Amino acid sequence: MNILSAIIVFENLHEVKRLFHWGPIIALTVIGVCSSMAILDSIIWYWPLDTTGGSINFIMLINWTVLILYNYFNAMFVGPGYIPLEWKPENQQDIMYLQFCRLCQGYKAPRSHHCRKCNRCVMKMDHHCPWINNCCGHLNHAYFTSFLLLAPLGCMHAALIFIMTMYTQLYDRISFGWSSVKIDMSAARHIQYPIMPFSIAAFAATLFALGLALGTTIAVGMLFFIQMKVILRNKTSIEAWIEEKAKDRIQYYQTGEDFIFPYDLGSRWENFKQVFTWSGTPLGDGIEWPVHEKCNQYTLTIEQLKQKHDKRQRSVEYSVVEDYNGACCPLGKGLNTFFRTPCTEEPRIKLTKGETIFATRGTKWWMYGDKVLNEEQAKAGDRIRGWFPRRCVEKCHYDSANNSTTEEKKEQ
């Protein structure tokens with residue numbers, strides 16, 4: 001019902017335009033191809049509906065398709081939830097702990113961040129996902145993660161159907177010689193007479209659908225495990241970067257603080273229940289959150305303000321130690337870098353050994369930042385920023401005694 005209400009209500013009809021984007025078009029095409037081919041292969045060639053097993057198999061395939069589309073469209077149209085425009089906390093004294101958003105003309109509630117694509121401050125923003133053409137945040141996190149679970153399961157079922165269809169249809173058509181293998185696609189099977197013959201076109205379509213199903217299982221399955229790791233820690237990818245910079249700040253200034261992430265409730269099950277509920281609606285209103293007993297609502301926002309006013313913490317300086325060609329999924333940078341490439345439309349930037357990068361955010365395997373330009377590029381107003389593999393850079397370590405980096409000390 002959530003998806004129907006989101007589409008039918010007149011004021012939300014503009015949300016339908018999210019479908020007209022390369023991400024949803026590709027995602028829905030893959031779902032459509034895998035689902036339709038699995039159903040056709042099953043009822044025509046592999047497991048007809050006139051058997052009990054065939055009927056159960058058909059119902060399961062339909063069930064996968066419905067559940068996948070239900071969670072996909074809910075993740076897209078229900079959305080992450082947005083902070084109201086011109087929002088202010090009820091207690092005016094709390095303003096001092098919050099950042100002001102000039103675009104939304106209001107204050108950013110705890111855990112919210114402004115998305116340049118959505119042009120709104122998003123509740124508990126994790127990332128902007130191009131595959132749903134929307135942000136993943138507070139209200140749709142459960143739907144999004146459920147989609148990431150169901151899509152690989154449905155694709156594995158479909159892949160099994162594709163493999164068994166090709167096996168059963170080609171078994172009596174393959175002949176082995178001393179130096180060759182021949183496949184006669186016109187040969188009739190001796191056991192079963194299908195509704196229509198398994199032609200070369202059917203074989204090619206099934207093989208193509210199998211490739212899509214296996215690729216989706218691997219890629220989306222990896223994203224599912226990443227999201228579950230985030231949920232069980234009750235920490236978004238943005239908050240993980242804030243925590244990393246907090247520990248770096250404490251180490252640099254030797255403050256002796258013990259930074260505690262405020263939203264980790266100490267139990268994976270409790271963290272899990274913050275996102276997944278029987279009603280489908282996550283706990284909380286997206287503005288106030290349950291926190292660790294040693295923290296308060298504004299522990300993380302105060303840390304953000306400290307980093308904002310600390311010039312060194314606005315961005316972290318890194319030196320490039322390994323060349324990078326700007327590929328979206330680089331094969332030569334390790335499996336984790338390849339499979340955990342950021343799902344975003346933001347660009348990748350080429351790196352050359354010896355260059356300097358100021359990183360503003362990042363994940364465990366990727367970072368986002370600005371490249372330090374030469375004088376001519378700087379005068380021309382050029383700006384080169386984007387994602388790059390974390391393994392290609394090395395942090396410039398600071399010497400707190402004279403406030404210089406190790407790179408500077410080497411030059412001296």
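Conventions we followed
- Residue numbers here run from 1 along each chain, matching the order of that chain's written sequence.
- Only residues with pLDDT of at least 70 are given local features in this predicted model, and only at 80 or more are side-chain atom pairs given and counted; all residues enter the totals for whole chains, interfaces and linings.
- The side-chain numbers reported here are obtained from all heavy atoms of the structure, hydrogens and water having been left aside.
- UniProt positions are given in the numbering used here, feature names are shortened, and annotations may be inferred rather than shown by experiment.
- In this description a helix means any DSSP run of H or I spanning at least four residues, a strand means any run of E spanning at least two, and both kinds are numbered starting from the N terminus.
- Buried, partly exposed and exposed residues are distinguished by accessible area as a fraction of the type maximum, computed with a 1.4 Å probe on protein chains only: under 20%, between the cut-offs, and over 50%, respectively.
- Residue contacts are counted whenever heavy atoms from the two residues lie within 4.5 Å of one another.
- Each accessible area is a Shrake-Rupley result for a 1.4 Å probe, and residues are judged covered by the shown protein chains and nothing else.
- Working definition: rings of Phe, Tyr and Trp (its six-membered ring) pair if their centres are within 6.5 Å, and the pair is stacked with planes under 30 degrees apart, edge-to-face with planes over 60 apart, and tilted otherwise.
- By definition, being over a ring means that NZ of Lys or CZ of Arg is both within 6 Å of the ring centre and within 35 degrees of the ring normal.
- Here, strands pair whenever DSSP counts at least two bridges between them.
- Geometry is summarised by axes, namely lines fitted to C-alpha atoms with helices restricted to the contacting stretch, and by angles between N-to-C directions that run from 0 to 180 degrees.

- As annotated in an unreviewed UniProt entry, the protein carries the name Palmitoyltransferase and is attributed to Onychostoma macrolepis.
- Taken from UniProt, the Catalytic activity (unreviewed entry) comment for the protein reads in full: "L-cysteinyl-[protein] + hexadecanoyl-CoA = S-hexadecanoyl-L-cysteinyl-[protein] + CoA".
- Per its UniProt entry, the protein bears the Sequence similarities (unreviewed entry) comment "Belongs to the DHHC palmitoyltransferase family."

## Quick notes on the overall build of the protein
Move 1: Looking only at helices and strands, the protein has 12 helices and 15 strands in total.
Move 2: Per-residue burial over the protein gives 45% buried out of 412 residues.
Move 3: A fraction of 67% describes how many contacts in the protein between residues 6 or more apart in sequence connect residues 24 or more apart.
Move 4: Carbon and sulfur atoms make up 61% of the accessible area of the protein, which amounts to about 22500 Å² in all.

## What about the packing of aromatic side chains?
Move 1: Taken as a whole, this structure holds 14 aromatic pairs when the rule is applied.
Move 2: For the ring pair Tyr70 and Tyr143, a centre distance of 6.3 Å and an interplane angle of 80° mean the geometry is edge-to-face. Placement of the pair is Tyr70 in helix H3 (residues 52-77) and Tyr143 in helix H4 (residues 141-170), with a sequence separation of 73 residues.
Move 3: Looking at Tyr70, the relative accessible area reads 35%, which means it is partly exposed.
Move 4: Joined through ring pairs, the aromatic side chains of Tyr72, Phe73, Phe77 and Phe147 make up one cluster.
Move 5: Over the face of the ring belonging to Tyr263 we find Arg111, whose NZ or CZ atom lies 4.1 Å from the ring centre.

## A short note on the UniProt feature "transmembrane region" (unreviewed entry) in the protein
Move 1: UniProt's feature table lists "transmembrane region" (unreviewed entry) at residues 25-47, 53-73, 147-167 and 200-226, given in the numbering used throughout.
Move 2: Measuring from the first to the last C-alpha atom of residues 147-167 gives 30 Å, for a span that is 100% helix and 0% strand.
Move 3: Annotated as residues 200-226, this span is 100% helix and 0% strand, and its ends, taken at the C-alpha atoms, are 39 Å apart.

## What to know about the sheet that holds strand E12 (residues 385-389)
Move 1: Pairing within the open sheet is antiparallel, and its five strands lie in the order E12-E11-E10-E9-E13. Taken across any chain shown, the strands that pair with only one partner, and hence form the sheet edges, are E12 and strand E13 (393-395). Looking at each pair of strands side by side, their axes are set apart by 45° on average, direction ignored.
Move 2: As defined by bridge partners, strand E11 (residues 366-371) adjoins E12 across five bridges and the pair is classed as antiparallel. Paired with Asp370 across the bridge in E12 is Arg385.
Move 3: Running over the sheet, helix H6 (residues 237-253) touches strand E9 (316-320), strand E10 (356-362), E11 and E13 and is turned about 125° from E10.

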